[in-house]
Amino acid sequence: MPPEPRTADDCFARLEADPAGATSYFYGRLFAAEPHLRALFPPAMGRQHDRFFQALARIVRSPDDPAGLAAHLCRLGRGHRKYGVRPEHYEAVGAALTATLRVFAADCWTPAAEAAWTAAYTRAAEAMIGAAERDAAQSPPWWAAEVTAHDRRAPDLAVLTLRPERPLPFAAGQHVSVQTARWPRMWRPYSIANAPRPDGTLRLHVRARPGGWVSGALVRATAPGDTVLLGPAEGEMTLDPDPGRDLLLIGGGTGLAPMKALAEQAAGSGRDVRLLVAARTADHLYDLPDLRRLEAASARLRVVPVLSRSAGPGALTGHVQDVLPGLLDCVRDHTAYVAGPAPLVRAAAAALRRLGVPAPRVHHDLPACGGGAVTSPPAPAGTPSSARPPDRTTRSPVPRP
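Residues numbered from 1 in each chain as written. Predicted model: local features only at pLDDT ≥ 70, side-chain atom pairs only at ≥ 80, totals over all residues. Heavy atoms only, no water.

In the nomenclature of an unreviewed UniProt entry, the chain corresponds to nitric oxide dioxygenase from the organism Actinomadura geliboluensis.

Structure below.
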């Protein structure tokens, strides 16, 4: 069981009162005790406090959801393999965590609190180690993939086609983490923009973010013939198996990628599929020719551009939440998926609920919106690609290693 809630919350609150100080102390203790562990981390450590506090919060504040916590820890254990994390590293992290709590929560740190924290961390570490060992029996920690095509759709946006050296299993709607040779140890998650194909290739839609090291390298400094590393596919925003419900897919920005993958998978399923592509102007519809080809190949798929700042041929004008009421007669009978910038996802999810779509059938990648399945790893929450800040580091929910 996790530590007693009151004791754990009191100790954790002391860390939250000085997150920068607690994080600096934690990593200082960790690297002083085990200097070789610094090589597992990216050069920029500016966002490490996010991982640090998300990890502790999940352990402290999940006493009523042990199954959810266990599944979360197993995903993390599998994901940590690509960083080179080994079982002995967890002991070093636990010692640094205890030292940090002892200093920053001194006024409520008791032998009982230390024992509870130690037991909780030990259980979490054992769950992650066990998941990593099971995963190692069947999958590599990462896949090398050749860039077979690099299509620059805009100055800040490219569509990459990748061919992994060995089959990389995934489902439409999932994402993979990417590392480039230019920035070792930096992993950035991107949604896969296609359903599984016989040739095993994957497509990624990448927009270069201001200050984004990985995204900038992928858009501006990557060419066919280059090699990138891919982490295992993750994410739960996969296709609803209920064949009796039609689909409403809403994608904005590079959030179009997972929606396109879902549309491709559903195209031959016998379900009607409506794909709304949200953009500011027609110039931002960077993938429209490909979408029209996909539409032409499936009689039951309809692609509808929605432009918020201009009109365009065959496009609706307005914001997604404004055009939804007049778009479908029975939207409440659909299963909906939404991906893209956070304001779009929140507004669309709220509009769908107002129109009578039950929350469990509104799938998106922002946990704060409520609703159905969300992507992993999360970020705030691990969201791939479309709703993230500059990608100086990959925000994993736990401190590495």
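**Q** Hey, could you run me through the overall build of the chain in this one?
**A** Counting its regular elements, the chain contains eleven helices and twelve strands. Put simply, the chain has 401 residues, and 55% of those count as buried. Taking the contacts inside the chain whose residues are at least 6 apart along the sequence as the reference set, 72% of them involve residues at least 24 apart. (Helix = DSSP H or I, 4+ residues; strand = E, 2+ residues; numbered from the N terminus. Buried < 20%, exposed > 50% of the residue type's maximum accessible area, 1.4 Å probe, protein only. Contact = heavy atoms within 4.5 Å.)

**Q** In this structure, what is going on with unusual backbone geometry? I would like to understand it.
**A** Phi is mostly negative for residues that are not glycine, and the peptide bonds are mostly trans. Backbone geometry places Arg-185, a non-glycine residue, at a positive phi of 70°. Counting through the fold element by element, Arg-185 comes out in the loop between strand E3 (175-180) and strand E4 (188-191).

**Q** What is the right way to read the packing of aromatic side chains from this model?
**A** A ring pair, where both rings are aromatic, is described by two values, the distance of the centres and the angle of the planes. Counted by the stated rule, this structure contains four aromatic pairs. Pairing Tyr-25 with Phe-104 gives two aromatic rings, centres 5.7 Å apart and planes at 70°, and the pair type is edge-to-face. In this pair, Tyr-25 is assigned in helix H2 (residues 19-33) and Phe-104 in helix H5 (residues 87-104), connecting sequence segments 79 residues apart. When its relative accessible area of 26% is taken as the criterion, Tyr-25 is described as partly exposed. With centroids separated by 4.7 Å and ring planes inclined at 25°, the aromatic side chains of Trp-183 and Trp-213 adopt a geometry described as stacked. (Phe/Tyr/Trp six-rings, centres within 6.5 Å; stacked < 30°, edge-to-face > 60°.)

**Q** Hey, could you run me through the sheet that holds strand E9 (residues 301-307) in this one?
**A** Adjacent strands of a sheet form backbone hydrogen bonds with each other and so pair up, either parallel or antiparallel. Taken together, the six strands give an open sheet; going across it, the order is E10-E9-E8-E7-E11-E12, and neighbouring strands pair in parallel fashion. In this open sheet, the two strands that pair with only one neighbour each are strand E10 (316-317) and strand E12 (362-363). Where strand E11 (residues 335-339) meets E12, two bridges bridge the pair, whose relative direction is parallel. Paired with Tyr-337 across the two strands is His-363, which belongs to E12. Sheet contacts for helix H9 (residues 288-296): strand E8 (273-279) and E9; angle to E9, the most-contacted strand, approximately 155°. Across the sheet, helix H11 (residues 342-354) touches strand E7 (247-252), E8, E11 and E12, and the angle it forms with E11 is around 165°. (Pairing = 2+ DSSP bridges. Axes fitted to C-alpha atoms, helices over the stretch in contact; angles between N-to-C directions.)

**Q** Sorry if this is basic, but what is going on with the pattern of salt bridges here?
**A** Side-chain pairs of opposite charge can arise where the charged atoms are in close proximity. Under the definition given, this model contains 17 salt bridges. Linking Glu-88 and Arg-86 is a salt bridge whose minimum nitrogen-to-oxygen distance equals 2.7 Å. Of the residues examined, Glu-88 reaches a relative accessible area of 44% and is grouped as partly exposed. One salt bridge connects Arg-153 with Asp-287, and the closest N-O pair in it is separated by 2.7 Å. Pair noted here: Arg-153 is in strand E1 (residues 143-154) and Asp-287 is in the loop between E8 and H9, with a separation of 134 residues, a long-range link. On the basis of relative accessibility, which here comes to 24%, the residue Arg-153 falls in the partly exposed class. (Salt bridge = Lys/Arg side-chain N within 4 Å of Asp/Glu carboxyl O.)

**Q** Help me understand the packing of helix H8 (residues 256-266) against H9 in this model?
**A** The angle between the axes and the distance between the axes are what describe a pair of packed helices. Close contact between H8 and H9 brings their axes to 11 Å; oriented N to C, the two are set at 15°. Taken together, the axis directions place H8 and H9 in an arrangement best described as roughly parallel. Like other packed secondary-structure pairs, H8 and H9 cross with a definite hand, here left-handed. Every residue of H9 that contacts H8 at Leu-256, Lys-260, Ala-263 and Glu-264 is listed here: Asp-290, Leu-291 and Leu-294. Class assignment of the residues belonging to the contact of H8 with H9 gives a composition of four nonpolar, no polar and three charged. (Parallel < 35°, antiparallel > 145°, perpendicular 65-115°, else oblique. Left-handed = near helix turned anticlockwise from the far one by under 90°. Nonpolar A, V, L, I, M, F, W, Y, C, P; charged D, E, K, R; others polar.)

**Q** Help me out: how do you make sense of the sheet that holds E3 in this one?
**A** In spatial order, the strands read E4-E3-E6-E1-E2-E5; together these six strands make up an open sheet with antiparallel pairing. Strands with a single pairing partner mark the edges of an open sheet, and in this sheet they are E4 and strand E5 (202-207). Strand-to-strand twist of the sheet, defined as the mean angle between neighbouring strand axes without regard to direction, takes the value 40°. Examined bridge by bridge, E1 and strand E6 (residues 227-230) share four bridges and lie antiparallel to one another. Residue pairing in the sheet places Trp-143 in a bridge with Leu-230 of E6.

**Q** Whenever I open this one, the confidence of the model for the chain confuses me. Can you help?
**A** Note: predicted coordinates in regions of low pLDDT should not be interpreted at a detailed level. On average, the chain scores 86 in pLDDT, and the residues at 70 or more come to 88%. In the predicted structure, residues 1-5 sits below a pLDDT of 50 and forms nine contacts with residues beyond four places in sequence or in another chain. The low-confidence segment residues 392-401, where pLDDT is below 50, has 58 contacts with residues more than four positions distant or belonging to other chains. (pLDDT = per-residue confidence, 0-100.)

**Q** Looking at this model, I keep getting lost on the pairing of E3. Mind explaining?
**A** Two faces make up the sheet, and in a regular strand the side chains alternate between them. Taking burial as the measure, the six residues of E3 include six buried ones, the bulk of the element. Burial of the side chains of E3 extends over both faces: His-175, Ser-177 and Gln-179 are buried on one face and Val-176, Val-178 and Thr-180 on the other. The sheet contact formed by E3 and E4 spans four bridges and is antiparallel. Pairing of Val-176 across the sheet is with Tyr-190, part of E4.

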